[in-house]
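What follows is each chain in one-letter form.
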Amino acid sequence: MKLSRIIANTGEWLSGAGPHDQIVVSSRVRLARNLKGKPFPGWAKKAERVAVLEEIRGAVEGLPEMSESFSERLEDLSPLEKQVLVERHLISREHAAKGAGSAVVMNTAQTLSFMINEEDHLRMQAIRAGLQLDEVYKMINQTDTELEDSLDFAFHNDLGYLTACPTNVGTGMRASAMMHLPGLVMSEQVNKIINSVNKIGLAVRGLHGEGTEAMGNLFQVSNQTTLGEAEEEIIGRLNRVIFQILEHEQNARQVLLQQRPETLLDQIGRAYGILCHAHSITSKEALNLLSFIKMGVDLGLFPSRCRLQVDELFIETQPAHLQKGLHAVKLGAEERDSLRAALIRAKLKQMPEPEIGKIPTNGNPGATTNTSGTTTPSEES
Amino acid sequence: MFCDVCQSKEATVFLTQIIEGKMQKVNLCETCSKEKGVNDPTGFALADLLLGLGAAQEIEKNPAGARCPVCGFSQADFKKTGRLGCSACYDTFAEGLSGMLKNMHRGSIHVGKVPAKLAASRRRGQELAVLQGDLEKAVREEHFEEAASLRDQIHRLEVEATVEAAEAAASGKSDEASAASRVTELAAGEAEPVAPKPRKKS
C-alpha cells in the first residue's frame, strides 16, 4: 500500500473519539525490544542491521492485525514523507534521520506502528484518541505476545527486556498521554505541575517528546522508569497523575471563566481574528493560536461540529503536512508561512465567530466544584 | 577510616547530602576535599562525586579497557554514546551498571512481563536460587535430613531443565529455554574457531 494513500486520511487517534478527548488528545504506549544475540542497531554493522530488519519485518508483516499495512525501508522514503510520519507521531525524529537498514511498518488505521532499527531493533507503539492507556497497552501487549512466537527477544532474568539504553531496560515500555493544557498555562500553574510530576518519577515534555518545546499548550506526560515495576503498575500510576492534571486543567479553566472572563474571551477572540486574517504565519504561532480556538470549542464558544476541523489544523499546519499534496520542490519557510495562513483562513471561514453570550460565566453548571487549583498532583500511595 | 576518593589517606571531612530523598555519605581526606571543591558549596555535588560527572562514568568501575567479549563494545564507547553494544554488555558491565540502574529506576529487578517461552525456566531459576539458599542454611545448621530433601528437589529441577533443553534442541528451536542449554550453546560457540577448517591444499 502506498504511503500517500495512508496519509490522505488522518489517523484514528486524531479523528476518533476517546474518553476525555477534549483535554487528553491521545494515549500512546511503546515497547522496545531487541533480538537475542544480535548487537544493538547503533553498534551493529550494516549487514547485521539489514539481516535484523528482514527478520523483524517479516514477522511484523505476518501479524493478523497488520494484514492491511504500509511497510517501507527508510531509504525509500523522501525526507518529506518521513517528516509527515514524525508530525503524526508514528515515527520518532531519531528514526526519520535513519537511512539504510531501518524500516517502518504501520497499519492503515495508523493505530499501530513499528520502527525497525531505531535505537533498538524494534520499537512498536499503539496510539488512540483520548485517555485510554489501559486499552492501548492491551493492544500493544497482544502484538508483542504474538511476535514472541516468531522472534526471540533479548531477555535477562533480573533485568527483563534488554535495551540499547539502560533507561529503557526492564519493561521497555514508555506510556504517554498528550494533554492540551491552555488553562494551566494561562493561569501560570503549568510549571508547578511539571515540577511536581517530575519529582515523582514521571516526565512532562513538549510536543515531540524529549528535548522539544511545548507548542500549542500541548504536553506529553510519560513514565520515566522502566525497571522494578510491572507494566500495569506503571500505567496505573501514570493514569492517576493524568487524571489529576486533567482535573487541574478543568479547574483552571473554571477559575479563569469566573475571575478573568475578559482575559479569556480576549485571547480566544484575538486568536480567531489573527487566524482569520493572517497572510503569513509560522507553525509555532499557528499552534499557539489554534490552542485558544480549541479551548473555545471546549467552552462552547464555537459549535462542536467545528472540533474535528480545528484538531486537524493542528496537524495540517505542520511544515511537512502543508506540503504533502504538492509534488513541487520543497517550499521555503516564507512560502510555507503564507500557504499555512491561506489554509487556516479557508478552514476558519467555515466556522462562525465566537459566540460570546454562550460563555458559561458565573455559576456554571456541570463544572467541577473544586476551584482551588492550588494543590499539585501528588501520588496516592 | 580512609578517604573514599584516594583510598590512601585518613578521611577528615565527612559529608552527608540528601538527593531526591536518598541520603548519601562520603568521607574525604584533606587533599581530596580541596581538590573536589568541597569548600565551595555551589561547585560541589555529592552525586557528581559518587556517580561521576555523568552516569556514563559509573561504568568505569570495570577494569580499564574491558571490552564485551561478544560484541567488542568498550566502556569508552558507552561514555560516548550512552548506549550499550549488545545484550551481553549488560553482563560484561554489570558491576558498573547496577548502581546506575538503581539510580535511574524504581527497582533493580524486573517484575513485569516475561516472554511466555522463558517464563517456565525463569521461575525454575528463581526456585533453584531459593532452594540453594535453604540448602546452605540447612547444612550450616546441621539439619541433614532437610538438606537431603532439598538436594533431591534441586536435582529434580535440574533434570527438568536439562530435559527441556534437549527437547528444545531436538525440535530445532532456539535453545534459550533453559540455563543448561545456554551452556551448551556457549561451549559450541567457543569451540567453533578452534575446530579445524577444511583447507585447500596447494
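Residues numbered from 1 in each chain as written. Chains lettered and ligands numbered in written order. Predicted model: local features only at pLDDT ≥ 70, side-chain atom pairs only at ≥ 80, totals over all residues.

Draft legend 1. Representation of the packing of helix α6 (residues 133–150) of chain A against helix α9 (residues 231–259) of chain A. All names here are of chain A. Two numbers describe how α6 lies on α9: the axes approach to 10 Å, and their chain directions differ by 155°. For the element pair α6 / α9, the angle class is roughly antiparallel. For the element pair α6 and α9, the recorded crossing hand is right-handed. For the pair α6 and α9, the contacting residues are Leu133, Asp134 and Tyr137 in the first and Glu231, Ile235, Leu238 and Asn239 in the second. Partitioning the contact of α6 with α9 into residue classes produces 4 nonpolar, 1 polar and 2 charged. (Axes fitted to C-alpha atoms, helices over the stretch in contact; angles between N-to-C directions. Helix = DSSP H or I, 4+ residues; strand = E, 2+ residues; numbered from the N terminus. Parallel < 35°, antiparallel > 145°, perpendicular 65-115°, else oblique. Left-handed = near helix turned anticlockwise from the far one by under 90°. Contact = placed C-beta atoms within 7 Å. Nonpolar A, V, L, I, M, F, W, Y, C, P; charged D, E, K, R; others polar.)

Draft legend 2. Local environment of the sheet that holds strand β9 (residues 202–205) of chain A. All names here are of chain A. The 8 strands lie next to each other as β2-β3-β4-β5-β1-β8-β10-β9, forming an open sheet whose pairing is antiparallel. Strands with a single pairing partner mark the edges of an open sheet, and in this sheet they are β2 (69–73) and β9. Adjacent strand axes in the sheet meet at a mean angle of 15°, parallel and antiparallel pairs treated alike. By the bridge criterion, 5 bridges tie strand β8 (residues 173–180) to strand β10 (residues 218–223) in an arrangement that is antiparallel. In the strand pairing of β10, Met179 is matched with Phe219. Those strands touched by α9 are β1 (24–33), β8, β9 and β10, and its axis lies near 10° from that of β8. (Pairing = 2+ DSSP bridges.)

Draft legend 3. Main features of the pairing of strand β3 (residues 103–107) of chain A. All names here are of chain A. Buried residues dominate β3, accounting for 5 of its 5 residues. Sheet analysis places β2 next to β3, joined by 5 bridges and oriented antiparallel. Within β3, the position partnered with Glu72 by the bridge is Val104. Of the strand pairs in this sheet, β3 and strand β4 (residues 112–116) are connected by 4 bridges, and their pairing is antiparallel. (Buried ≥ 20, exposed ≤ 12 C-beta atoms within 10 Å, placed from the backbone.)

Draft legend 4. Geometry of the nonpolar core. Core analysis: the largest hydrophobic core is formed by 119 residues, its most contacted members being Met179, Val221 and Ile293 of chain A. The biggest single contributor to this core is α9 of chain A, with 10 residues. Setting aside residues up to four positions removed in sequence, Met179 of chain A forms contacts with Ile23, Val24, Val25, Phe219, Val221 and Ile245 of chain A. Core analysis: the next-biggest nonpolar cluster, separate from the first, contains 5 residues, Cys3, Leu28, Cys29 and Cys32 of chain B among them. (Core = buried A, V, L, I, M, F, W, Y, C linked by C-beta atoms within 7 Å.)

Draft legend 5. Summary view of helix α8 (residues 190–199) of chain A. Residues and elements named next belong to chain A. Taken residue by residue, α8 has Val190, Ile193, Ile194 and Val197 as its buried positions. Along α8, the residues classed as buried sweep out an arc of 100° about the axis, all on the same side. Exposed residues lying more than 90 degrees from the buried face of α8 are Asn191 and Asn195. Looking at the residues trailing α8, positive phi occurs at Gly201, about 80°. (Arc of directions from axis to C-beta.)

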